[in-house]
Amino acid sequence: MSKPPRIGILALQGDVREHHDALTKAGADVVLIRRPSELDQIDGIVIPGGESTTMSKLLVILDLLDPLRKALAAGLPAYGSCAGMIMLASDILDTRPDAQHLDALDITVRRNAFGRQVASFETDLELEGIAGGPVRAVFIRAPWVESTGEGVQVLGTVPDGPAAGRVVAVREGNVLATSFHPEVTGDLRVHEYFAAMVRSAR
Ligand code: GLN
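### Overview of the pattern of salt bridges
Right, so step 1: Scanning the entire structure with this criterion turns up 11 salt bridges.
Right, so step 2: A salt bridge links glutamate 18 to arginine 17; the nearest nitrogen and oxygen atoms lie 3.8 Å apart.
Right, so step 3: On the accessibility criterion, glutamate 18 (24% relative accessible area) is partly exposed.
Right, so step 4: Exposure remark for arginine 17: the relative accessible area of 60% places this residue in the exposed category.
Right, so step 5: Between glutamate 51 and arginine 111 there is a salt bridge, with its nearest N and O atoms 3.0 Å apart. Separated by 60 residues along the polypeptide, glutamate 51 in the loop between strand E3 (44–47) and helix H2 (52–61) and arginine 111 in the loop between strand E6 (105–110) and strand E7 (120–125) bring together distant segments of the chain.
Right, so step 6: Looking at arginine 111, the relative accessible area reads 11%, which means it is buried.
Right, so step 7: Salt bridges here are not isolated pairs; linked through shared partners, they connect Asp94, Arg110 and Glu146.

### Some remarks on the packing of aromatic side chains
Right, so step 1: Tallying each qualifying case throughout the model produces six aromatic pairs.
Right, so step 2: Geometrically, the ring pair formed by phenylalanine 114 and tryptophan 144 is edge-to-face, given 5.1 Å between the ring centres and 85° between the ring planes. Here tryptophan 144 lies in strand E9 (residues 144–148) and phenylalanine 114 lies in the loop between E6 and E7, a separation of 30 residues in the sequence.
Right, so step 3: Taking relative accessible area as the criterion, phenylalanine 114 reaches 6% and is therefore assigned buried.
Right, so step 4: Feature note: the residues Phe114, Phe121, Phe139, Trp144 and Phe180 constitute an aromatic cluster, connected by ring pairs.
Right, so step 5: Its guanidinium or amino end placed over the ring of tryptophan 144, arginine 166 lies 3.9 Å from that ring's centre, counting from NZ or CZ.

### A short note on the site of the ligand
Right, so step 1: In the vicinity of the ligand, the contacting residues are Gly49, Gly50, Glu51, Ser52, Cys82, Ala83, Ile86, Arg111, Asn112, Ile140, Arg141 and His181.
Right, so step 2: Glycine 50 places a main-chain nitrogen or oxygen 2.9 Å from an oxygen atom of the ligand.
Right, so step 3: Histidine 181 places a side-chain nitrogen or oxygen 2.9 Å from a nitrogen atom of the ligand.
Right, so step 4: For the ligand, the protein covers 95% of the area, taking 300 Å² as the surface of the free molecule.
Right, so step 5: Of the residues that constitute the shell around the ligand, the class distribution is four nonpolar, five polar and three charged.

### Remarks on the environment of leucine 105
Right, so step 1: Tracing the chain through its elements places leucine 105 in strand E6.
Right, so step 2: Look at leucine 105 and you get buried, because its relative accessible area is 2%.
Right, so step 3: C-alpha of leucine 105 to C-alpha of arginine 171: the two residues are 66 residues apart in sequence and 8.0 Å apart in space.
Right, so step 4: Beyond its immediate chain neighbours, meaning those up to four positions away, leucine 105 contacts Leu88, Ala89, Ser90, Val170, Glu172, Val175 and Ala177.

Criteria and cut-off values
- Residues numbered from 1 in each chain as written.
- Predicted model: local features only at pLDDT ≥ 70, side-chain atom pairs only at ≥ 80, totals over all residues.
- Heavy atoms only, no water.
- Salt bridge = Lys/Arg side-chain N within 4 Å of Asp/Glu carboxyl O.
- Buried < 20%, exposed > 50% of the residue type's maximum accessible area, 1.4 Å probe, protein only.
- Helix = DSSP H or I, 4+ residues; strand = E, 2+ residues; numbered from the N terminus.
- Phe/Tyr/Trp six-rings, centres within 6.5 Å; stacked < 30°, edge-to-face > 60°.
- Lys NZ or Arg CZ within 6 Å of the ring centre and 35° of its normal.
- Near = heavy atom within 4 Å.
- Polar contact = N/O pair within 3.5 Å; in protein donor to acceptor, adjacent residues only side chain to side chain.
- Areas by Shrake-Rupley, 256 points an atom, 1.4 Å probe, with all protein chains shown as cover.
- Nonpolar A, V, L, I, M, F, W, Y, C, P; charged D, E, K, R; others polar.
- Contact = heavy atoms within 4.5 Å.

What follows is the structure in structure tokens.
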């Protein structure tokens, strides 16, 4: 068998441990990323869920913003869940004016888009490219994708309820993002999908 893909997790804030468990079970060699030099050692990176404005501040303080932007621009495969999707986006609505982002995915996201009543909810949804039936999607003060650029493939939408049809999973080249948190469900299929993306990009 070929060597497992080395996948970093941006470990400044958020649900790092859950992604660590899921990626390890999905067969990746997982490393935590807190310094610019650590970016050279990985085949792909996960930006976890958490709080995008806090992550933004920490990226600046730790001098990681520019190196990470450059690594992504050079083609480092990436997966962002929830706040991670916000960080990867090219445009963010309803954020702080000084919030920084990584500009690796040609989408406009709206932060905390589901509003107060449905701020956190769960549903089952089909994801393009993921076999075996719907995945359980856990949304926690999640963003949705307001619009997508030309090269962006929509992988999943909310099936029903007040937000029916909203785009919540996308891929553009080697960059994957979901509004929801597959890392908290024990279903490894999204992490396996990303690990396979990283393998084939390597
Ligand atoms: N609302 C958070 C933000 O704006 C995202 C929430 C999450 O990652 N669960 O960053």
